[in-house]
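Residue-level listing of the chains:
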Amino acid sequence: MDPQTQNTSLQRLQNVENRVVKVLELAGGVMEELASPSGPKKEFVNSHCREFMQSMKDIQVTLREEIKSACEYRPFEKCDYNARIANEICFQKLEYVLTQLDDLKQTAGQYPSSD
Amino acid sequence: MDSDMEISLDRLPIKRLESIEENGAERFPSDVGYDDKRVSLIRRIDFAWALEEEDELKKKKQKKSSKDSAEQWKWKGMVENLQLAHQELSVIIDLIDTVQANDAVTVAGMTRPKPLPNEILSDLAVSTATKLQGYRNLGNYFKQSAKALEQKINREARFYGALIRLQRNWKVKRQRMLASNASNEGFTIDLSDSSLHDPTSGFRPSTLSTIRVDHDSAGMLAINVPQDSWYSLRFGFVGLNPIDNTNESDEHLDSTMGHDIPGTSEKQSASDDEYVKETHSLLREVHKSIFAEQVLFDMLNREAFNEGVGFNISGIRENFMEMSIGQGASLFVSLHPSGKNASIKKSESATLLIESSGRIEPAEGDYRLKKLGFPNRASYEIYLQQIFHEHAFGKAKDQPKSKSIRASNQTRKDSNSGLLDHFCLSLTHRIFSNRVLEHLESVVCKVPYLHLISHPTWNSRTSSWTVFMTVPPSIIPQGSSETQSPDGKRNLKMQFRTKVVVKDECISVEAECTPNVVGLLKSSSCNLFAMNKYECGVADLPVIILQQVASQIVCWLLEEARTVGTKASRDFLSLSLEIVEGERVSLVAQVNPEDAKGCISWWLVMENGSTEEREGVSESRKLLGHLSLDVLYSVLMDLINLCGTGRNALVS
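Treat the numbers as computed from the prediction; the structure is a model and nothing was measured. (Residues numbered from 1 in each chain as written. Chains lettered and ligands numbered in written order. Predicted model: local features only at pLDDT ≥ 70, side-chain atom pairs only at ≥ 80, totals over all residues. Heavy atoms only, no water.)

1. Looking at the overall build of chain B
What counts is decided by this rule: Strands are runs of DSSP state E lasting at least two residues, helices are runs of H or I lasting at least four, and both sets are numbered from the N terminus onward. What makes two residues a contact is simply this: any of their non-hydrogen atoms within 4.5 Å. Per-residue and other accessible areas were derived by the Shrake-Rupley procedure at a 1.4 Å probe size, with only the shown protein chains allowed to occlude residues.
When its secondary structure is counted, chain B shows 12 helices and 22 strands. Once local pairs closer than 6 in sequence are excluded, the contacts in chain B between residues at least 24 apart make up 62%. Roughly 40500 Å² of accessible area belongs to chain B as shown, and the carbon and sulfur atoms make up 53% of that amount.

2. Considering the packing of aromatic side chains
To keep things clear, this is the line we draw: What counts as a ring pair is set by centres within 6.5 Å for rings of Phe, Tyr and Trp (its six-membered ring), and what kind of pair is set by the plane angle: stacked under 30 degrees, edge-to-face over 60, tilted for all other angles. Three labels apply to residues, based on accessible area from a 1.4 Å probe with only protein chains included: buried if under 20% of the type maximum, exposed if over 50%, partly exposed otherwise in between. For a ring to carry a charge above it, either NZ of a lysine or CZ of an arginine must fall within 6 Å of the ring centroid while also lying within 35 degrees of the normal to the ring plane.
If you walk through the whole model with that rule in mind, you get 13 aromatic pairs over all chains. With a centroid separation of 6.1 Å and an interplanar angle of 85°, the aromatic rings of B:Y380 and B:Y383 are classed as edge-to-face. Pair noted here: B:Y380 and B:Y383 are both in helix α7 (residues 377–398), with a separation of 3 residues, about one helical turn. Judged by its relative accessible area of 22%, B:Y383 is partly exposed. Taken together through their ring pairs, the aromatic side chains of B:F235, B:F237, B:F374, B:Y380, B:Y383 and B:F423 make up a single cluster. The ring of A:F44 has A:K41 sitting right over it, with the charged end atom 6.0 Å from the ring centre. In this structure, B:R284 packs its charged tip against the face of A:F91, placed 5.6 Å from the ring centre.

3. Let's talk about the confidence of the model for chain B
Atomic detail in the predicted coordinates should be set aside for any region of low pLDDT. Residue and element names in this part refer to chain B. To keep it simple, the criterion reads: The quantity known as pLDDT measures the predictor's confidence residue by residue, on a range of 0 to 100.
Averaged over every residue, the pLDDT of chain B is 75; residues scoring 70 or more account for 74%. Within chain B, the element-level pLDDT minimum falls on strand β11 (residues 353–354), averaging 29, and the maximum on strand β13 (residues 450–455), averaging 92. Low pLDDT, under 50, characterises residues 341–371; the predicted model gives this stretch 40 contacts beyond four residues in sequence or across chains. Ignoring residues within four places in sequence, the model shows residues 402–408, a span with pLDDT below 50, making 1 contact including any to other chains. Reported confidences for the modelled complex are a pTM of 0.65 and an ipTM of 0.73.

4. As for the nonpolar core
All names here are of chain B. What counts here: To form a nonpolar core, buried Ala, Val, Leu, Ile, Met, Phe, Trp, Tyr and Cys residues must be joined to one another through side-chain atoms within 4.5 Å.
Within the largest apolar cluster, 58 residues are counted, with the highest numbers of intra-cluster contacts made by V436, M469, I507, I553, L557, L577 and I600. Considering every element that reaches this core, the biggest residue donor is helix α11 (residues 541–564), with 14 residues. Leaving out residues up to four positions away in the same chain, V436 has contacts with W465, V502, I507, V538 and L541. Membership of the second largest hydrophobic core comes to 36 residues, among which are L384, F388, F423 and L427.

5. A few points about the sheet that holds strand β6 (residues 221–223) of chain B
Either a parallel or an antiparallel arrangement is found when strands of a sheet pair, and the pairing is made through backbone hydrogen bonds. All names here are of chain B. Selection criterion: Strand pairing is defined by DSSP finding a minimum of two bridges between the two strands. Axes here refer to lines fitted to C-alpha atoms; in helices the fit is confined to the stretch in contact. Angles between the N-to-C directions go from 0 to 180 degrees.
Spatial strand order, β3-β4-β5-β6: 4 strands in an open sheet with antiparallel pairing. Either end of the sheet is taken by a strand with one partner, and the two such strands are β3 (171–174) and β6. Along the sheet, successive strands turn relative to each other by an average axial angle of 35°, direction set aside. Where β3 lies against strand β4 (residues 187–190), 4 bridges are found, and the strand directions are antiparallel. The residue bridging R174 from the neighbouring strand is F187, located in β4.

6. Let's talk about a nonpolar patch on the surface
Residue and element names in this part refer to chain B. Convention followed: Distance thresholds for patches are 9 Å for like charges and 5 Å for nonpolar side chains (Val, Leu, Ile, Met, Phe, Trp, Tyr), applied to residues having over 30% relative accessible area and no salt bridge. A carboxyl oxygen of Asp or Glu within 4 Å of a side-chain nitrogen of Lys or Arg is what we treat as a salt bridge.
Residues I42, I45, F47, V91, I92 and I96 make up a contiguous nonpolar surface patch of roughly 510 Å² in combined accessible area. The element contributing the most residues to the nonpolar patch is helix α3 (residues 76–101), with 3 residues. With respect to the helices and strands, F47 occurs in the loop between α1 (34–43) and α2 (48–67).

7. Thoughts on the side chain of B:T498
To keep things clear, this is the line we draw: By the criterion applied in these results, polar contacts are pairs of N or O atoms within 3.5 Å in which, for protein atoms, one can donate a hydrogen and the other can accept it, and in which residues neighboring in sequence qualify only through two side-chain atoms.
Mapped onto the fold, B:T498 is located in strand β15 (residues 495–503). There is a polar contact of 3.3 Å between the side chain of B:T498 and the side chain of B:Q552.

8. Let's talk about a negative patch on the surface
Just so we agree on the cut-off: Charged residues are defined narrowly, with Lys and Arg counted positive, Asp and Glu counted negative, and His plus the chain ends left uncounted. Positions of charges follow a simple convention, taking NZ of Lys, CZ of Arg, CG of Asp or CD of Glu.
A cluster of like negative charges, contributed by B:D4, B:E6, B:D46, B:E52, B:E53, B:D55 and B:E56, occupies part of the molecular surface. Note that B:E6 resides in the segment before β1 (19–20).

9. A word on the interface of chain B and chain A
Formally: Defined here as a combined quantity, buried area equals the accessible surface (1.4 Å probe) lost by two parts on assembly, summed across both. In this classification, Asp, Glu, Lys and Arg are treated as charged, Ala, Val, Leu, Ile, Met, Phe, Trp, Tyr, Cys and Pro as nonpolar, and every other residue, Gly included, as polar.
On the side of chain A, 32 residues touch chain B, which itself brings 46 residues to the contact. Where chain B abuts chain A, roughly 3700 Å² becomes buried across the two surfaces, and 63% of that area is made up of carbon and sulfur atoms. Broken down residue by residue, the surface that chain B buries against chain A is led by B:F142, B:I153 and B:I382, which jointly contribute 14%. Between A:E88 and B:K288 there is a salt bridge, with the nearest N and O atoms lying 3.6 Å from each other. Listed by contribution, the elements that provide at least two residues to the side of chain B that touches chain A are α4 (117–167), β3, α5 (265–304) and α7 of chain B. In terms of residue count, α4(B) provides more of the side of chain B that touches chain A than any other element does, 17 residues in total. Across the side of chain B that touches chain A, the residue classes tally to 17 nonpolar, 17 polar and 12 charged.

10. So, the pattern of salt bridges
Applying the stated criterion across every chain, the model contains 16 salt bridges over all chains. For B:R165, the salt bridge is made with B:D273, and the minimal N-O distance between the two is 2.2 Å. In this pair, B:R165 sits in helix α4 while B:D273 sits in helix α5, placing the two residues 108 residues apart along the sequence. Classification of B:D273 as buried rests on a relative accessible area of 18%. In this structure, B:R461 engages B:D504 in a salt bridge whose closest nitrogen and oxygen atoms are separated by 3.1 Å. Linking B:R461 in the loop between β13 and β14 (462–470) with B:D504 in the loop between β15 and β16 (506–512), this pair joins segments that are 43 residues apart in sequence. The class of B:R461 is partly exposed, set by a relative accessible area of 22%. Judged by its relative accessible area of 28%, B:D504 is partly exposed. Overlapping salt bridges, with partners in common, bring together A:E88, B:R284, B:E285 and B:K288 in one network.

11. A look at the packing of helix α1 (residues 9–34) of chain A against α4(B)
For clarity, the cut-off: Throughout, the term roughly parallel applies to angles under 35 degrees, roughly antiparallel to angles over 145, roughly perpendicular to angles from 65 to 115, and oblique to all others. Helix crossings are classified by the rotation of the near helix relative to the far one: an anticlockwise turn of less than a right angle makes the crossing left-handed, while a clockwise turn makes it right-handed.
Following both chains from N to C, one finds α1(A) and α4(B) inclined at 170°, their axes separated by 7 Å at the closest point. It follows from the interaxial angle that α1(A) and α4(B) lie roughly antiparallel. Between α1(A) and α4(B) the crossing geometry is left-handed.

Structure below.
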């Protein structure tokens, strides 16, 4: 599972998306409040608008950070496919050694112990 | 018009002074234009009479209607009102048409009628209501789009989450041009590695190396790689390993990418994980296949056309190569399609069971193969992959340094990197050294006082062993004439080693106390323990080893005898002691590698040497049999006692 901290880039972008949804909801709420027949409640509208602006600011900051860090990474610069193949070969070696060790163990088990 | 025509009189066209200035200049109103005159004339037409008439008509009709109201149609009043309105409207329309035609009358000015307060209020109310309605609609719109966006985010979160997890390990590329069609955002996974391949060699990336990322029915990431389209490398010995059977390791991969729709969200996330893992495994298999196909098999094919010492190509097919190497072995390397639906063909050669230890259990009574000692197929498959990968990788690392200058030279060199040669020679060596080991083992097993030690050489074409013998410690007390080593122990040899080194297919034996007949002519003891190195063949190896060991025993006994002062001499494999003048007793070793009870047996030979009278030397022999070193040592001591009257008496 992905770590639940805010540290992964994916988590942050996910948060931005959720915030956009929330901002839309706020806007809808404000509009409905303005449309209410008894007149809008000022504190309600004020608080929502403040939250809206704050969220927009957060979204902007986060997106800016992410875009900056994304641009710093030149894609496919350090391709590790070579190392991956070497790894696969090492994995095969390990499997082989394990089978050999199992055989050793089996052979040793066939002989009665000296204790 | 019933009334009399009235005559209206115009004023006299006297120009009246409009204004007069101080200096006496008089200003007259400007002449009214023709049109303006007409307008003013029309204005003066009084329509009041028409209105009065209408009013009178209305009153008359009302009187009439009130008289006969019972049978009156109740809409009649409205009809009359409408007719009057229609009349007024027609007059006004005529006027407007005239104004529009612009030839009789033009509009001089219009003033807006001042709105009444209730009209103002109602307008305001209407506009406020529309605005409120607009806000409400907007609010609804925002909330709906918030919900829709949330749903979209959740649906796509699975896709992008999986894509990002794959992106950690694989190159994900995007082509936005293709994104306009269907449900594909144009993502692809690129499995090719441009650094591994020489661009001048005309290399084409395989169709496998770009994999499209699609959405499956649940909106989740899906990868469709057709079955049988990727390969795995197979290596084996012809006649030993089946060519076409699937390996056990291929079957654990489940290449079906179907995904069950889970019930709860927890199960969904857990199975998402598994799904990503499965996709990852599939990508790994395809990546390995690309390596096997393009790097390995390609290079193998290129190398095959170079002359190599260690191998001869005996067959090439598509994705299959067979070659014969030394020691009567024959290899094959093939690319074998994997995936669940790979066809399993029965190999035509005899099926043999292969244990994982590399020893072969022959079926059908083919015991000849057991002696060949073929090494384990899997380890050499790995070795083949490794050396080619290292070579390709090293080439890739060198490439950025000198790209264009040495490119042409490199291609020439690369096709002759000699890796296949090296590989085949290694394999040949391994088979050969397995045989050598068998011989050594057969000797060492039978002689109880010998031990065999293997040495790792870290070289695939060199192997080395040591035959190790420990002799029992000497019971002769130390004389004053002997030098002492610093730790107080005697400077006598306790261990004898015989080192056997095999390089490619060449055996060399290195040991001291070699049974060298030539060396005996010098017969000085300082040469006795000299190391000597010589070569031998496989068939002779057991005898050579036994002779070497026997000779070492003889040298040891000789050294022991000499420390006591006995006159002793050595001749090939025999030790002679002089008992009395002319009489010699000898311990002679006899080596026989086929002997099951122990390979070295000892004879006691008595020689009566009356040299003048007889021609030859008569001797009598007694077989002592297989003796352990302790027993041999005590025999020697007894013999020395025999000789030792008058010399250093042994106190045992």
